[in-house]
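The residues making up each chain are set out below.
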Amino acid sequence: MKPARLIPLLILGAASLWAQNLRVDAAKRRFSFGETIQNARFGLDVNGKTLWAEDAVSAKGSDGATGRLVLRFAEPAIEWTIELGAGSNGSSAIIESSIRNLGSVAVKLGRARLVDVSALNLGTAPENAVAFLESGCQNPSPVARLSSMEKPRKAKTLVQIYNPASRTALHLGFITYDRISTVHELAWDKARGVPALSTYCDFEGFELPAGATVSTEKLRLAAGTDPYVELDTWARLVQAQYKVSIWPKIPAGWVGWSWVDGFNVERYEDVVLRNAHAVRERLPGLDIEYLWVSIGNLEDKQPGNWLRWNYKLFPSGPQKLIGELAKKDFKLGLWCGAFWLSSRLKDKVEEFRDALLLKGGKPLAVPHREIGEVYALDPTHPKTHAFHRKVFTTYRDWGVRYYMIDFQDAVSGTTPGNHIPDSYYDRSLIPGPQAFRAGMEVISEAAGKDTYLLPSTGPTLLNVGLVAANRVGSDYGEGRALDGPGKGFYPGTFMINRAEYWTSHRAATNALAGNYFTHRKLYLADSGNVMTIDKPIAVSDAQITTTIFGINGSPLMLGDDISRMSEERLAMVKQIFPRLPEAAHPLDLFDKPEPAWPETFHLKVKRDWDEWDLVAVFNYRSKALDEDIAFERLGLDPSASYVVWDFWNERYLGVHKGSIRLAVPGQSVKLLRIARERAHPWVASTDMHVRQGQAEIVNARWNQDASALTIEATRPAGYRGNVFVRAPKGLAMKNPKGFYVAKDANDASLIIRCDFDFSTGARQARTLEFVPVPAR
C-alpha cells in the first residue's frame, strides 16, 4: 500500500482549503462555483428540443453569491425559475428549480440540466483525478480514472470526484431524488485534457399539463479535501431530508440453501424445522430472529402464486409452520418478487392483463433461467395495489414479519435500466422513481412498520424511507438447488475457490466499499447477504467471510446446514455475534480505480474502557500482497506507540510507531487490532468476537496501587473464550495459576492467555496481579 494520499479529517478538518463561493452571472445566465466549476450553463429539454438559458426571450435575475433566475421561452411557452443559494458553509451550494407550462397544451419534459460545463478545473494534474460513480442500484458503484474513460460515464444521484494531486474533492449530489431520475454524466476531453460534466434531472417524457408547475430535485454542490467526508455529509443530509427511521438492530436469520436442497433431495419443511432446532441447540443465546423460506412456499414455485401454498414441500401449511417456528422464537421470512407474475399462470395473466407493463405494445417479459419467463405488474395500477394489499395483509395475519422483495428492476425503469416499459398506467406520476415508489409505498404500508423489508435486484437509494434495509451487493454466500444442467451451480450446490465469482468475496467487499456511507443513515446497507463457511470451503475463505461479516455491520442470513456443521466452523459463526451496527470504511476507495478494487478497510471501535482500530486487508490474488498501514491515515498519532495483534493467527505483532508493514498471503485476509500502548498490563485482543472487545468485554480497569488488571467479560451462558493480555517488559504475574503466560522473544513483554468460562453465568470477571521482575 502506498503512503496515504488522503490526510485524515482529524488533522485538517472537513473544510476546504479555499472557499468555493457560488457566483451567479445574471447577464450571461450562468454560474460559477469557486475555481472548480466556471460558467456552467442551464438547459431544459422540452418536446425533444433543448432550451438553453441564454436563448430565453426574457430573463430576470441578479448577480451575487445567491441568485434567482427567471427564464421565459417563447416556443414552447415555458417559465423556468432557478434558485441558487449558498450552503451552510463557504464550500457548498444548493440549486433548485421549477418549471411552469405557460402554454395551452401539455409539453413533454426531458432533461433539466442544472449544471452543464465543458471543462472542470480540478487543479494540478487533472489526469490523475478519479470519480466515484454511484450506480443507484445493486450493481457495483465503480471508481473510474477520468482520463481513462473512453466514453461518457453516468452516475445516479451522486458523483464524488477526487484529484489526489491537488487534493480537490468535488461533490455533486441530489439530496432529494424520490420523484425524478437524477443523473451525472462525465466525459473526458482528450484534446484539452479535462473532464466535462452534465448534471440533470431526467423527466423521461413526463407530460406537464397546460398551466401546471413541476419542480426539479434539489442539488447540492460541495468542495473540500476529503472525499470520504463529502460522501458522509451527503448521506446525513439525505437522512435529515427524508426523516429516515433506522431499523433498531442488525438482524440475523437462517436461510440454508448452500449445502441442502429442499426441492430435490429433502423436503423443504423438514430442512427448515431441523435447522430451527439446530440453531437453538448449537448456537444458544445468539440473536438469530428470522427463518427465511425462499420460493418453496409457492405452489409450483411460480411468482404470482403468493397466496397459493406449496403443500408438497410444506405439508403443514402456513399457520402451523409459523406456529412451530414461534415455539422456538423464530419469525418466518419469505422471498417475494412482488412485481413479477409468471407467464405460466394463465388465469393470473388474464386477470391482470390490463395491469401489466408493456414493451413495444406487448407484455414486458423478463427471462429467468430457473423460473422461466415472467411479466411485470405496473406499480402505479390500482389492480396491482389491490393485489399487493391483499397479499401482504394476509401474510401479516399469518405472522410473516420478514420479506426479501426481489427483482425490483422489473418495474423501476432507468434505475438500473434493465427493463424500461413503454409507459406507466398513472400518467400523473413521473416515470421512474415516482412511479416505482407508488408501488413500494403500498407494500410497505400493508406489510406493517414492524416488518423487515429488504429489497433486492434493483434500485437502492430510491427505497429510502420505505424499507428497513437494502441489498446493496450480490448474492454473496448463496447456494442453489440441484435443478439440473444449465441451472444454478449444478451438479454442485455452492461455488468455491474464486474470489471474483459473482457470489464470492470481491463482490461483498466492493459492496461494502461503495455503500458504507449509507449504512444506518438511509437504511441498513446489506452488503453481506449470506454467511456460508462450512467445509469444504477452505479455512482461509471462511476467515475472509467471517471478517467481512465482522466488520460490515450488515444484516446476515446463515447459509450452512447448522444441524451438520463442523464444530470448528460453528465456532467462527459465534465470532460475529452479537451483530454490531458500525460499518468499516475503505481506506483505498479513491486510490484503486477500476480495474483494481478496494482491499483495505478501517473501523474505529470505541468503548468506555478503551478505544482501538481494526484494519482488514483482503488479498484475493494468488500472490502475497505487501501492505503498509500508515497510522496517520487511521487518524492516529504517528509519534505514539501502538500494540498490534493479528486476529486470525492469534499472534502478537509487537509495538509499532508510524506504520506497520504486512505481507498478506494470497487468497487470505489479515485482521489487525491496533491499540495505544499502555505503561501497564492491558488488553491486547480476544478470540471471542471479530471486533475483539467491543461486544464481549464489559469493562477493563487497571488498579495502580494493587498492580492488578481486572477484566469483566460477557458471552451467552455455556460459552468459553479467551482474552489476551500484554504486560510490558519488567513485570511478572504474582499468581500465574490458571493462566497461560508466554514471553515474547522480541521485546520481552508477556502475552497472557486469560480463559473465561461462562458455564456458570453470562458475565464473568478475572483479575491478573503483577509484580516487578526481581533483580538477578
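Residues numbered from 1 in each chain as written. Predicted model: local features only at pLDDT ≥ 70, side-chain atom pairs only at ≥ 80, totals over all residues. Heavy atoms only, no water.

> Mind showing me how you'd approach the overall build of the chain here?
Looking only at helices and strands, one finds ten helices and 48 strands in the chain. Its C-alpha atoms give the chain a radius of gyration of 28 Å, within 12% of the compact-globule value 28 Å for 776 residues. In terms of overall dimensions, the chain has C-alpha extents of about 100 × 65 × 45 Å along its principal axes. Here the chain, with 776 residues, has 60% of them falling under the buried criterion. In the chain, 71% of the contacts between residues at least 6 apart in sequence involve partners at least 24 apart. As displayed, the chain offers around 29,500 Å² of accessible surface, 49% of which is attributable to carbon and sulfur atoms. (Helix = DSSP H or I, 4+ residues; strand = E, 2+ residues; numbered from the N terminus. Rg over C-alpha atoms; globule rule 2.2 N^0.38 Å. Buried < 20%, exposed > 50% of the residue type's maximum accessible area, 1.4 Å probe, protein only. Contact = heavy atoms within 4.5 Å. Areas by Shrake-Rupley, 256 points an atom, 1.4 Å probe, with all protein chains shown as cover.)

> In this structure, what is going on with the confidence of the model for the chain? I would like to understand it.
Do not read the fine detail of predicted coordinates wherever pLDDT is low. Taken over all residues, the pLDDT of the chain has a mean of 95, while the share at 70 or more is 97%. Here residues 1–19 is a poorly scored stretch, pLDDT under 50, and it has 44 contacts once near neighbours within four places are set aside; other chains count. (pLDDT = per-residue confidence, 0-100.)

> What exactly am I supposed to notice about the nonpolar core here?
Among soluble globular proteins, nonpolar side chains are generally buried collectively. Judged by nonpolar contacts, the single largest core of 173 residues is most densely connected at W234, F392 and Y395. Non-local contacts of F392, meaning those with residues more than four positions away in its chain, are made with C336, A338, Y403, I405, I443, A446 and A447. Of all hydrophobic cores here, the second largest spans 56 residues; its members include V24, L51, L84 and V115. (Core = buried A, V, L, I, M, F, W, Y, C linked by side-chain atoms within 4.5 Å.)

> Honestly, the side chain of D378 in this entry has me stumped. Any pointers?
Position of D378 relative to the elements: it lies in the loop between β26 (374–376) and α6 (382–398). One buried charged residue, D378, remains without a salt bridge, the closest side chain of opposite sign being R427 at 7.6 Å. In this structure, D378 is in contact with A355, L356, L357, T384, Y424 and Y425, ignoring residues within four places of it in sequence. (Lys, Arg positive; Asp, Glu negative; His and termini not counted. Salt bridge = Lys/Arg side-chain N within 4 Å of Asp/Glu carboxyl O.)

> Could you clarify how one ought to interpret the sheet that holds strand β31 (residues 529–531) in this entry?
Adjacent strands of a sheet form backbone hydrogen bonds with each other and so pair up, either parallel or antiparallel. Strand order in the open sheet formed by seven strands is β28-β27-β21-β20-β19-β32-β31, with parallel pairing between adjacent strands. Edge positions in the open sheet fall to β28 (452–455) and β31, since each of these has one partner strand only. Taken pair by pair, the neighbouring strands of this sheet meet at an average axis angle of 30 degrees, ignoring direction. With four bridges joining them, strand β21 (residues 331–336) and strand β27 (residues 402–405) adopt parallel strand pairing. (Pairing = 2+ DSSP bridges. Axes fitted to C-alpha atoms, helices over the stretch in contact; angles between N-to-C directions.)

> Sorry if this is basic, but what is going on with the sheet that holds strand β35 (residues 610–619) here?
Spatial strand order, β33-β34-β35-β40-β37-β38: six strands in an open sheet with antiparallel pairing. Where the open sheet ends on each side, the last strands, each with one partner, are β33 (585–586) and β38 (651–657). Bridge analysis of strand β37 (residues 641–646) against β38 gives five bridges, and the strand direction is antiparallel. The partner of V643 across the bridge, within β38, is V655.

> Explanation requested: helix α7 (residues 433–447) in the structure shown.
Given 3.6 residues per turn, any residue in an α-helix points the same way as the ones three and four places further on. Over its 15 residues, α7 extends 21 Å from the first C-alpha to the last, a length consistent with the 21 Å expected when each residue adds 1.5 Å. Buried residues dominate α7, accounting for eleven of its 15 residues. Once α7 finishes, G448 follows within two positions and takes phi at roughly 100 degrees, a positive value. (Expected span 1.5 Å × (residues − 1).)

> For this particular structure, what's the right way to read the pattern of salt bridges?
Oppositely charged side chains can pair when the atoms bearing their charge come close. Considering all chains together, one arrives at 51 salt bridges under this definition. The salt bridge involving E266 is made with R274; its shortest N-O contact spans 2.7 Å. Accessibility expressed as a relative area gives 28% for E266, which makes it partly exposed. Between R480 and D475 there is a salt bridge; the shortest N-O distance is 2.8 Å. A relative accessible area of 15% means that D475 is categorised as buried. What you see here is one network of salt bridges that share partners, running through K249, D287, E289 and K331.

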